[in-house]
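Here's the letter readout for the chains.
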Amino acid sequence: MNQPISRKTPFTAASARRHRSPHVMTVAFVVAAIMVAAIRMAHSAILPDFESLVDENRPAVVNISTTGQTTSSSAPALKNVPEALENVPEMLRRFFEEYGIPRSPIPRPESALGSGFIIRPDGYVLTNAHVVQNAAAIRVGLNDRREFPATLVGTDPRTDIALLKVDATDLPAVRIGDSDRLKVGQWVLAIGRPFGFENTATQGIVSGLARSLPDDSYVPFIQTDVAVNPGNSGGPLFDLEGRVVGINSQIYSQTGGYMGVSFAIPINLAMQVADQLRENGRVSRGYLGVSIQDMDQELADAFGLDRPRGALVTAVTPDGPADRAGIEAGDVILEFDGRSILASGSLPPMVGALPAGRKVEVVVLRGGSQEKLTANLGELEQPQPVASASHPSAGGRLGMAVEARGDEGVVVTGVEPGSAAELAGIRPSDRLLSFDRQKVESPKQLRELVRKAPAGKPIAILVKRGDQTQFKTITLPEATS
């Protein structure tokens, strides 16, 4: 029997529950449900719907696997032994090694994994050039588990872009966005194959724009904090509208893994390159013929600028487009083709994006006053392979690729693993000034010097790295026919 609440009957939590009205409980439940719904709505208003973005775009993201030949020195050479021992098991190789049989390179198959995305339903795929570099065979895997052999349409090492073609139709293709409209702080999403894990999605924001990286002067990179790891290379970077705005390409790392800074190639630049590769198989770029450096505050004060800006010309290629236009060393290029130069790193992409033969107006600061000059752009030479393991006829003895850049020697753009160049300690971006005590003036001349050089004899080469110049020795293998 219920007792009335009185001073003699204490009001406890239990008695309150006994006297609580069913209507009050219903109202409390409704209020709680409304609050939960409001919290969820607020949360969804803050965070994008990444689930829908992934579902919509994942079918057009592909896995890329390559196979090729590499040179491995992990197995010993079997010299002066019967031919039957040429293909001995690994256990016996270790036995021979323990007993002092010398080591030598043995070709072994190598595989690599990367990412890419379909840009046209008729089978065109974009990825990074370094993903398919030196590949003997390329396969493209779709989200629905189908696989296709791919043909390499062309590559552009300067922008790290490669265009592939698979024999298929009605494929799911991405929608292409506009990387020029990106803003710092904007949400972006990456889909790729890090460490071989297929269809992995990571998200972040745009951290910076038009980043200039060493040895990548023709790409104004998009910087993000999206987690990118080995295997993500070549995969797409999406905006919140589900449009591709970049190709994930590089990370900054002191450990080899992701450290919060990644870089993507702007899709506008990538599509310009892809169009040229599809139509011509190669990329043509404008060429001005200047060496430049950035401006700091002290230089800005010395040249009479209100703040550091522009590109300071340090050298002009004789009889090049800049030389014929009247540009001189010591000029500060402030504008190019109607666009202001805020930093020297922004000039090479502007020049490279224009076709050869284009007339452009260049505004320079000279002697404290501005002058307008007109330059007729030339065509930037393609990197000339001095050696290639897969193309011995190109001069495969040296094992590196070079290009003409500036008026001093040639610049190394690539070094093959295990090559004579790598053994000599040559690195990409080194400048080769002389070979066998002869001044190097062009890639063509260097190829001729290499062709005539003796095998097995140390040859002196002069290499400039940064501000340091030193001689090295290189020993060439026998020429192949």
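Placed above this text is the structure.
Reading guide: rules and limits
- Residues numbered from 1 in each chain as written.
- Predicted model: local features only at pLDDT ≥ 70, side-chain atom pairs only at ≥ 80, totals over all residues.
- Heavy atoms only, no water.
- Helix = DSSP H or I, 4+ residues; strand = E, 2+ residues; numbered from the N terminus.
- Buried < 20%, exposed > 50% of the residue type's maximum accessible area, 1.4 Å probe, protein only.
- Contact = heavy atoms within 4.5 Å.
- Core = buried A, V, L, I, M, F, W, Y, C linked by side-chain atoms within 4.5 Å.
- Pairing = 2+ DSSP bridges.
- Expected span 1.5 Å × (residues − 1).
- Salt bridge = Lys/Arg side-chain N within 4 Å of Asp/Glu carboxyl O.
- Patch = residues over 30% accessible without salt bridge, like charges linked within 9 Å, V, L, I, M, F, W, Y side chains within 5 Å.
- Areas by Shrake-Rupley, 256 points an atom, 1.4 Å probe, with all protein chains shown as cover.
- Lys, Arg positive; Asp, Glu negative; His and termini not counted.
- Charge placed at Lys NZ, Arg CZ, Asp CG, Glu CD.
- Arc of directions from axis to C-beta.
- Phe/Tyr/Trp six-rings, centres within 6.5 Å; stacked < 30°, edge-to-face > 60°.
- Lys NZ or Arg CZ within 6 Å of the ring centre and 35° of its normal.

Q: What is the right way to look at the overall build of the protein chain in this model?
A: Broken down by element type, the protein chain carries 10 helices and 28 strands. Across the 481 residues of the protein chain, 40% fall into the buried class. Taking all contacts inside the protein chain whose residues are at least 6 apart in sequence as the whole, residues at least 24 apart take part in 58%.

Q: Help me understand the nonpolar core, please; the structure alone is not making it clear to me.
A: Side chains of nonpolar character tend, in soluble globular proteins, to be buried together. Of all hydrophobic cores here, the largest spans 30 residues; its most connected members are Phe117, Leu126, Ile247 and Ile265. Ranked by residue count, the leading element in this core is helix 5 (residues 267-280), at 7 residues. Beyond its immediate chain neighbours, meaning those up to four positions away, isoleucine 247 contacts Phe117, Leu126, Asn128, Ile161, Gly234, Gly235, Phe263, Ala264, Ile265, Ile267 and Ala270. Within the second largest apolar cluster, 21 residues are counted, among which are Met400, Val402, Ala420 and Ile426.

Q: Would you take a moment to explain the pairing of strand 8 (residues 187-192) for this structure?
A: Within a regular strand, the side chains alternate between the two sheet faces. Of all the 6 residues making up strand 8, 5 are buried; the element is thus mostly covered by neighbouring parts of the structure. Here strand 8 runs beside strand 9 (residues 200-213); their pairing, made up of 6 bridges, is antiparallel. The residue bridging glycine 192 from the neighbouring strand is threonine 200, located in strand 9.

Q: What should I look at first to understand helix 5 in this one?
A: Structural remark: α-helix, 3.6 residues per turn; residues separated by three or four positions point the same way. Here helix 5 contains 14 residues, and its C-alpha end-to-end distance of 19 Å stays within 8% of the 20 Å for a straight helix at 1.5 Å per residue. Just downstream of helix 5, glycine 281 is the residue with a positive phi angle, here 80°.

Q: Would you explain the pattern of salt bridges in this entry?
A: Any two side chains of opposite charge can pair if their charged atoms end up close together. For the structure shown, the criterion picks out 22 salt bridges. Measuring nitrogen to oxygen at the nearest pair gives 3.5 Å for the salt bridge that ties glutamate 371 to arginine 366. Put simply, glutamate 448 and arginine 451 hold a salt bridge, and the shortest N to O gap is 2.5 Å. In this pair, glutamate 448 and arginine 451 are both assigned in helix 10 (residues 443-452), 3 residues apart and thus about one turn of the helix distant.

Q: Just to check I follow, could you spell out the pairing of strand 3 (residues 124-128) for this structure?
A: The buried count for strand 3 comes to 5 of 5 residues, which makes it a mostly enclosed element. Summarising the sheet, strand 3 and strand 6 (residues 161-166) pair through 5 bridges and their orientation is antiparallel. Directly across from asparagine 128, in strand 6, lies its bridge partner isoleucine 161.

Q: Help me out: how do you make sense of unusual backbone geometry in this one?
A: The phi torsion of most residues other than glycine is negative, and most of the peptide bonds are trans. The phi angle at alanine 210 is positive, at roughly 55°, despite the residue not being glycine. Positionally, alanine 210 belongs in strand 9. Judged by its relative accessible area of 57%, alanine 210 falls in the exposed class. Of note, the phi angle at serine 429 is positive, near 85°, even though the residue is not glycine. Topologically, serine 429 is positioned in the loop between helix 9 (420-423) and strand 25 (431-435).

Q: Sorry if this is basic, but what is going on with the side chain of asparagine 248 here?
A: Note on placement: asparagine 248 falls in strand 12 (residues 243-251). On the accessibility criterion, asparagine 248 (2% relative accessible area) is buried.

Q: Where do I start with the environment of valine 351 in this structure?
A: For valine 351, the position within the fold is in helix 8 (residues 347-352). On the accessibility criterion, valine 351 (6% relative accessible area) is buried. Linking valine 351 and aspartate 337, residues 14 residues apart in sequence, is a C-alpha distance of 8.9 Å. The residues contacting valine 351, other than those within four sequence positions of it, are Gly286, Tyr287, Leu288, Phe336 and Leu377.

Q: Would you mind showing me how to read a negative patch on the surface here?
A: On the surface, Asp294, Asp296, Glu298 and Asp301 cluster together into a patch of negative charge. One can find aspartate 301 in helix 6 (residues 297-303).

Q: Would you take a moment to explain helix 3 (residues 50-57) for this structure?
A: Taken residue by residue, helix 3 has Phe50, Leu53, Val54 and Asn57 as its buried positions. End-on, the buried residues of helix 3 take up no more than an arc of 95°, which puts them together on one face.

Q: Any chance you could explain the packing of aromatic side chains here in plain terms?
A: The tally for this structure, following the rule as stated, stands at 2 aromatic pairs. Pairing phenylalanine 50 with tryptophan 187 gives two aromatic rings, centres 5.6 Å apart and planes at 70°, and the pair type is edge-to-face. Of this pair, phenylalanine 50 sits in helix 3 while tryptophan 187 sits in strand 8; the two residues are 137 residues apart in sequence, bridging distant segments of the chain. Taking the ring centre of tyrosine 124 as reference, the NZ or CZ of lysine 165 above it sits at 5.5 Å. The ring of tyrosine 124 carries the charged tip of arginine 278 above its face, separated from the ring centre by 5.7 Å.

Spatial relationships are all this shows, so hold off on functional conclusions.
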